[in-house]
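# Chains, contacts and geometry: an overview
So you can see what is in the structure, the chains are spelled out below.
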Amino acid sequence: MGLFNTILEKLGFGKKDDAPAAAAPAPAPAPVSAPAAPVAAAPVAISQVDVVSKLEALAAASTQKLNWKVSIVDLMKLLGLDSSLDARKTLATELGCPQDKMGDSAQMNMWLHKTVLQKLAENGGNTPKELL
């Protein structure tokens, strides 16, 4: 998923996984008397991205008045992505937009906006239900 992966990256999805691998030195040997069970007691949860806060911050910093909550074009512009009809068609195809919506750009845009927000939620974004 090329374009959608770009959206995920722009919003900071998956960044948590990259940092520890690069910064983790070889672990020091554990003392022999240390119990093994308490060491593994801190499971790593899926990182959650505050989608609304990130997009609101981008919107506040933007010189354009972009309504990302209802417009896929504005959402893409806010993320610094190509929002042309061709780019939106590419993203819609990538996300499996039904053929009957692809011929009507307004229907495709509404489907695409809702689907992108749903996919962000599925990938760990805390997207409010009213936007889904």
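Since we're looking at a predicted model, the values are computed, not measured.

A word on the packing of helix H1 (residues 2–10) against helix H7 (residues 105–122). At a minimum axis separation of 11 Å, H1 and H7 run at an interaxial angle of 60 degrees. What the angle tells us is that H1 and H7 run oblique. Pair H1 / H7 crosses with right-handed handedness. Note on element contacts: H7 touches H1 through Val116, Lys119 and Leu120, opposite Phe4, Ile7 and Leu8. For the contact of H1 with H7, the class distribution of residues is 5 nonpolar, no polar and 1 charged.

With that settled, the discussion passes to the confidence of the model for the chain. Considering every residue of the chain, the mean pLDDT works out to 81; 74% of them sit at 70 or more. Note that residues 17–46 has pLDDT below 50 and, in this model, 2 contacts with residues that lie over four places away or in other chains.

About the cut-offs
- Residues numbered from 1 in each chain as written.
- Predicted model: local features only at pLDDT ≥ 70, side-chain atom pairs only at ≥ 80, totals over all residues.
- Heavy atoms only, no water.
- Axes fitted to C-alpha atoms, helices over the stretch in contact; angles between N-to-C directions.
- Helix = DSSP H or I, 4+ residues; strand = E, 2+ residues; numbered from the N terminus.
- Parallel < 35°, antiparallel > 145°, perpendicular 65-115°, else oblique.
- Left-handed = near helix turned anticlockwise from the far one by under 90°.
- Contact = heavy atoms within 4.5 Å.
- Nonpolar A, V, L, I, M, F, W, Y, C, P; charged D, E, K, R; others polar.
- pLDDT = per-residue confidence, 0-100.

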